[in-house]
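# Close look at the chain arrangement
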Amino acid sequence: MNALVENIAQYNFAYLDEQTKRMIRRAILKGIAIPGYQVPFASREMPMPYGWGTGGVQVTASIIGPDDVLKVIDQGADDTTNAVSIRAFFRKVADVAVTTETAKATIIQTRHRIPEYPLAAGQVLVYQVPIPEPLRFLEPRETETRKMHALEEYGLMHVKLYEDIAKHGRIATTYAYPVKVEGRYVMDPSPTPKFDNPKMHMSPALQLFGAGREKRIYAIPPFTEVVSLDFEDHPFEVQSFDQPCALCGAEQVYLDEVILDDHGGHMFVCSDTDHCEKRRENGHTGATAAGSKEAVE
Amino acid sequence: MEMPGQSIDGGFADPVFDAQSVFRAVMDAMARPGTVQPIGRSASPPAPLTPTAAAVALTLCDHDTPLWLDAALLASDAAKTWLGFHTGAPLAHNPAEAHFALVCDPAEMIALENFAQGTQEYPDRSATLILAVESLTAGPGLRLEGPGIETEATISPTPLPRHFVEQWKQNHGRFPRGVDVILAAPEHVACLPRTTRIKTMEA
């Protein structure tokens with residue numbers, strides 16, 4: 001027998017039982033065949049609360065094999081609670097290799113960011129999704145939103161974006177920014193910053209989305225058209241930042257604001273920790289990392 | 001009378017890891033239509049069921065998925081008992097009720113429109129057809145376009161159902177409804193999801 005024989009609880013590889021994996025695998029194939037359509041699935045109870053990525057974990061558990069290398073990020077970071085605990089979970093239940101390097105991973109489970117380093121063919125990006133239905137806050141009834149998707153009736157979403165413009169002078173939606181997949185389904189890209197939306201378009205990687213509490217799986221195959229909704233006179237724009245990353249000096253990346261003290265001191269740093277570390281290893285420095293404390297204060 | 005062992009032997013040697021490996025090949029093939037994915041593990045089913053088609057069935061089918069068999073398979077008690085023992089999938093007598101269809105004689109296959117197409121509200125309630133083909137390279141070339149394909153892909157499966165290109169055009173036209181096809185060749189799989197457009201049939 002194996003070394004774990006002294007444990008009372010003997011779990012199947014990757015925690016889920018085989019029948020559950022088959023059910024999820026069938027849903028994944030349907031999701032890939034109908035890009036952007038939310039496939040209902042019989043989401044299971046997982047040993048973590050809803051909101052901690054139970055949908056993403058079930059998708060990852062159903063596709064992962066012993067040869068995979070797993071990376072888990074939470075808001076771009078490899079070292080936050082959610083990322084660390086999910087990584088530890090899969091190391092325990094599937095005994096797979098884990099990494100923090102984007103390029104080395106075969107499966108990347110993510111909560112609300114797409115890595116800055118470009119994804120490659122053969123990689124799978126698994127999103128943890130809280131509310132998969134982009135129309136849910138506009139129309140609470142599932143029967144109605146389902147009909148709206150069936151009839152391709154997305155006027156309400158455009159009205160919402162228009163109301164943004166009427167109120168704020170611009171489209172004020174900054175995350176979970178709705179996209180249209182392959183000219184058919186309007187889809188919620190999960191609460192990623194809209195900064196990441198262009199990375200979904202024609203990505204060489206397969207993108208899978210799992211919503212555990214809401215029991216939906218959806219997918220974007222590689223090289224698929226993903227267009228952020230906008231208007232001719234108010235085209236889609238991503239966030240831009242006035243200053244580069246304070247640690248590595250990177251520009252054109254998504255930055256987090258970090259509060260440093262009680263006197264209003266703050267700095268902006270890369271949200272993608274792997275990208276930031278790689279750049280610093282290669283000798284790039286920002287205002288704070290250069291050692292000048294004044295830059296911070 | 002068949003040997004009792006015939007319906008019991010020949011499943012996956014290592015069910016958990018074999019199913020995972022076959023699924024990843026099918027998933028990659030579905031995500032990138034036109035690519036031919038090698039299948040490392042397979043099953044040893046009784047004829048006319050082929051090892052690759054059987055491996056795909058073991059990976060995806062169970063008691064939740066009514067399975068439709070073509071005439072060649074239906075005529076084989078050995079294949080039926082083998083599938084019954086290893087997957088537990090109930091047989092669907094009506095193709096419109098099947099979640100999966102196993103076809104070992106694609107050239108004589110009934111039209112794609114006979115299978116469950118899903119509904120406009122639930123396009124996922126459609127059939128996935130597993131076609132046992134002899135080769136993915138020896139047939140007439142099909143030029144493919146659509147999601148999962150960067151510019152263009154070519155695949156040459158044989159044999160295919162009659163008027164397949166025309167049937168597939170109608171299938172694609174029903175999007176988001178429609179069937180998806182898994183082509184199971186010896187040691188390889190390729191997929192045609194409903195989003196794929198077949199541009200031309202090359203000579």
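Residues numbered from 1 in each chain as written. Chains lettered and ligands numbered in written order. Predicted model: local features only at pLDDT ≥ 70, side-chain atom pairs only at ≥ 80, totals over all residues. Heavy atoms only, no water.

Before going further, it helps to spend a moment on the nonpolar core. Among the nonpolar cores identified, the biggest contains 88 residues, and I28, F90 and L208 of chain A together with M27 and L102 of chain B are the most heavily contacted of them. Among the elements that take part in this core, helix α1 (residues 15-31) of chain B stands out by supplying 10 residues, more than any other. Apart from residues no more than four positions distant in its own chain, I28 of chain A is found in contact with V59, I63, L208 and I217 of chain A together with F23 and M27 of chain B. Within the second largest apolar cluster, 29 residues are counted, among which are A92, M109, V133 and L136 of chain B. (Core = buried A, V, L, I, M, F, W, Y, C linked by side-chain atoms within 4.5 Å. Buried < 20%, exposed > 50% of the residue type's maximum accessible area, 1.4 Å probe, protein only. Helix = DSSP H or I, 4+ residues; strand = E, 2+ residues; numbered from the N terminus. Contact = heavy atoms within 4.5 Å.)

Another point: the interface of chain A and chain B. If you look at the interface, chain A gives 39 residues, while chain B gives 39 residues. Taken together, both faces of the contact between chain A and chain B bury some 3,200 Å²; the carbon and sulfur share is 66%. Inspection of the region where chain A meets chain B yields three salt bridges. A salt bridge links D62 of chain B to R26 of chain A; the shortest N-O distance between them is 3.3 Å. Linking chain A to chain B there are 17 residue pairs in polar contact (both at pLDDT 80 or more). At the level of secondary structure, the elements contributing two or more residues to the side of chain A that touches chain B comprise α1 (18-33), β1 (39-40), α2 (54-63), α4 (142-150) and β8 (206-211) of chain A. Residues of the side of chain A that touches chain B, tallied by class, amount to 23 nonpolar, five polar and 11 charged. (Buried area = accessible area lost by both parts, 1.4 Å probe. Salt bridge = Lys/Arg side-chain N within 4 Å of Asp/Glu carboxyl O. Polar contact = N/O pair within 3.5 Å; in protein donor to acceptor, adjacent residues only side chain to side chain. Nonpolar A, V, L, I, M, F, W, Y, C, P; charged D, E, K, R; others polar.)

Let us now look at the confidence of the model for chain A. Averaged over every residue, the pLDDT of chain A is 92; residues scoring 70 or more account for 94%. Confidence over residues 292-297 of chain A falls short of pLDDT 50; this stretch has six contacts with residues more than four positions distant or in other chains. (pLDDT = per-residue confidence, 0-100.)

On to the pattern of salt bridges, then. A complete count under the given rule lists 25 salt bridges over all chains for this structure. The salt bridge involving E101 of chain A is made with K104 of chain A; its shortest N-O contact spans 3.2 Å. Given the relative accessible area of 52%, K104 of chain A is considered exposed. Of the charged contacts in the structure, one is a salt bridge between R143 of chain B and E152 of chain B, with a shortest N-O distance of 2.7 Å. Judged by its relative accessible area of 23%, R143 of chain B is partly exposed.

With the rule as written, the count across this model stands at 12 aromatic pairs over all chains. Counting every residue linked through ring pairs, the aromatic cluster contains Y11, Y15, F89 and F90 of chain A. Across from the ring centre of Y122 of chain B, 3.7 Å away, lies the NZ or CZ of R125 of chain B, which sits over that ring. (Phe/Tyr/Trp six-rings, centres within 6.5 Å; stacked < 30°, edge-to-face > 60°. Lys NZ or Arg CZ within 6 Å of the ring centre and 35° of its normal.)

This part covers empty space enclosed by the protein. Within this structure, the stated rule accounts for one cavity of 30 Å³ or more. Size it by volume and the largest cavity reaches roughly 80 Å³. Considering the residues around the largest cavity, the lining is formed by G36, Y37, Q38, E133, E142, T145, R146, H149, Y185 and R216 of chain A together with E121 of chain B. (1 Å grid on protein atoms, 1.4 Å probe; cavity = no way out; pocket = protein on both sides within 12 Å on 5 of 7 lines; lining within 4 Å. Points joined across faces, edges and corners; volume = space filled by probe spheres on them.)

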